[in-house]
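# Survey of secondary and tertiary structure
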Amino acid sequence: MVNPTATYLIKRHCCQMLIKRLYSVFKNTFSDMDNLIAVCQITSTANKEKNYQMCKTLITNAHKCGAKMIFLPESFDYIEEDKAKSLEMAESLDGSLINSYKSLAKSLNIWLSLGGFHEKFSETKLRNTHLVINNKGEIAETYHKIHLYDVQIPSKNIQALESSVIEAGNEILPPVKTPIGNVGLAICYDMRFSQMAIALAENGAEILTYPSAFFFGTGAYHWEILLRARAIETQSYVIAAAQTGNHTSTRKSWGHSLVVDPLGTVIAQCSDEPGFVLAPIDLSLIKSIRQSMPIECHRRYDIYPRMMSSTLCKNKSVEDSYEFKFGSSIVKGLQVFYKTQLCLAFTNIKCVLPGHVLVAPLRAVEKMTDLSNDEVGDLFLTVQKVQKTIEQVHNTNSSSIVIQDGQHAGQTIKHVHVHIIPRKAGDFLVNDDIYRKLQNEKDCTNPRRSDDEMAHEANLLKSFF
């Protein structure tokens, strides 16, 4: 008679030996690959602790196989269909769950992409947040999903209203520098919007990530083809960790986590079971493909619009000691309170009215007509953002926005710049007197401000960006 306990122990021993053997094979196969990644696939439920232990096991095993960066899917923390319960279960970025992942990343000396975390935002809303944690256990970046999945597909029994519980993000972030390359952050439904993928690639992304919980009903039709399309059109790697299987009686995910290379070839893919796959990231392949077929250079932005670079540029930190050329003058770093890739906003040495600030392109050109289309777009998007902030700070709803474009228009500094001046009732007896005073700004009675005064104002304004 066979002893069931003995049979179980033999099977467990054989499984452990097989796993050890696989680790050895993977290590020998990928030992010379510095850019090895792992893409994990799970079936999340409403049990947060069980989900964490499942992810921890996959991360630990992938690390043993040599992965330098490991990717988890959207809703890796939990999936709960009831809105009230979901709100109750959510945590902040400094909560116990994310702290556990930080400790895990640090202890294993790996980078983690945690896609689609339910982040507390308000009493009635959450954020769908994609985090990157570095090997020191620090949050390197956080992206909030901008495209929310509000759809009804009766034929596929799909009805979703993500916006009922999720607050949409409003910013595409610059790619994150990681050991495997520059990683562009997105989440699931974002993959249907090619504009976002192209914008990320044009701003340096070599790898696009789409952690997902893709509905089973549309997965067979769209999952692979969408991800391959994003890879081909951007000539980038695409990494998509996915949920799989039945989460509840009414919620099922497609699975098939995958990695696509810049040619559009699927180089690694899970089936429909929990687990992970390994894939190497070859940055030289990206360079070769982009050089042989320079798509970015062939785009006709003189005919159709492009995603403006300022939407991908957080307010860049500027050291006080930096100096920027401004015509024949110099703008000190201590004056700068907002900077994009193409322009900067700074406090004024002599103000016509309190709050009078300037915005100028980084490239020193004399006339508006000398600016490129990108520079013009970036300049005016920045002016709009700065105007909104200045009006908030000075408690008004009016501003004078002035460009003196050329000598006969009153330009005294030969460098395109925009004056933003908050206005209030009665600040000039005759409204147009502001233009006369602006034209004679050099000779106006207002005193020249000290570095300390300009730096104090700049630091105040920085806090709004």
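What you see is a predicted model; the values in this text were computed from it and never measured. (Residues numbered from 1 in each chain as written. Predicted model: local features only at pLDDT ≥ 70, side-chain atom pairs only at ≥ 80, totals over all residues. Heavy atoms only, no water.)

## Points about the packing of helix H5 (residues 194-202) against helix H6 (residues 216-234)
Note the following rule: Axes here refer to lines fitted to C-alpha atoms; in helices the fit is confined to the stretch in contact. Angles between the N-to-C directions go from 0 to 180 degrees. Segments assigned H or I by DSSP are reported as helices when at least four residues long, segments assigned E as strands when at least two residues long, and all are numbered from the N terminus. Any angle that is under 35 degrees is reported as roughly parallel, and any over 145 degrees as roughly antiparallel; angles of 65 to 115 degrees are reported as roughly perpendicular and all others as oblique. Crossing chirality is assigned from the near helix's rotation relative to the far helix, an anticlockwise turn below a right angle marking it left-handed and a clockwise turn marking it right-handed. Only heavy atoms enter the contact rule, under which two residues are in contact if any of them lie within 4.5 Å. Under the grouping applied here, Gly and all other residues not named as nonpolar or charged are polar, the nonpolar ones being Ala, Val, Leu, Ile, Met, Phe, Trp, Tyr, Cys and Pro and the charged ones Asp, Glu, Lys and Arg.
Here H5 crosses H6 at 40°, and the two axes come no closer than 10 Å. The orientation of H5 with respect to H6, classified from their angle, is oblique. Handedness of the crossing formed by H5 with H6: right-handed. Counting all contacts with H5, which are made through Ser194, Ala197, Ile198 and Ala201, the residues of H6 involved are Arg230, Glu233 and Thr234. Counted by class, the contact of H5 with H6 contains three nonpolar, two polar and two charged residues.

## Some thoughts on the sheet that holds strand S8 (residues 176-178)
Applicable threshold: When DSSP finds at least two bridges between two strands, those strands are taken to pair.
If you walk across this open sheet you meet the six strands as S8-S9-S10-S11-S14-S15, and the pairing is mixed. Both edges of this open sheet fall to S8 and strand S15 (266-269), since each of them pairs with a single strand only. Taking each pair of neighbouring strands and ignoring which way they run, the sheet shows an average axis angle of 20°. Two elements, strand S11 (residues 237-240) and strand S14 (residues 258-260), share three bridges in a ladder whose sense is antiparallel. Looking at the pairing, Val238 lines up with Val260 of S14.

## Some thoughts on unusual backbone geometry
This is how the line gets drawn: Each residue is assigned to one of three classes by its accessible area relative to the maximum for its type, calculated with a 1.4 Å probe on protein chains only: buried under 20%, partly exposed between the two thresholds, exposed over 50%.
You will see that Asn109, though not glycine, has its phi angle at about 60°, which is positive. The topology assignment puts Asn109 in the loop between helix H4 (96-108) and strand S3 (111-120). Residue Asn109 is classed as exposed on the basis of its relative accessible area of 53%. For Asn395, which is not a glycine, the phi torsion comes out positive at approximately 55°. Structurally, Asn395 is set in the loop between helix H9 (373-393) and strand S22 (398-402).

## Notes on the pairing of strand S4 (residues 126-133)
Across the eight residues of S4, seven count as buried, placing the element largely inside the fold. When S3 meets S4, the two strands line up antiparallel, connected through seven bridges. Bridging from a neighbouring strand, Ser113 pairs with Val132 of S4. From the end of S3 to the start of S4, which pair antiparallel, there are five residues.

## Let's talk about the packing of aromatic side chains
Defined as follows: Each aromatic pair joins two rings of Phe, Tyr and Trp (for Trp, the six-membered one) with centres within 6.5 Å, and gets the label stacked for planes under 30 degrees apart, edge-to-face for over 60, and tilted for any other angle. Criterion for a charge above a ring: Arg CZ or Lys NZ at most 6 Å from the ring centre, at most 35 degrees from the ring normal.
Counted according to the given criterion, the structure contains eleven aromatic pairs. Centre to centre, the rings of Phe337 and Phe465 are 5.9 Å apart; their planes meet at 35°, and the pair counts as tilted. Here Phe337 is found in strand S19 (residues 336-339), whereas its partner Phe465 is found in the segment after helix H11 (451-462), with 128 residues between them in sequence. An aromatic cluster of three or more residues is present, and its members are Tyr52, Phe76, Tyr101 and Phe117. The positively charged end of Arg251 is found above the aromatic ring belonging to Phe215, 5.2 Å away from the centroid. When the ring centre of Phe216 is taken as reference, the NZ or CZ atom of Lys252 above it lies at 4.1 Å.

On their own, these measurements won't tell you what the molecule is for.
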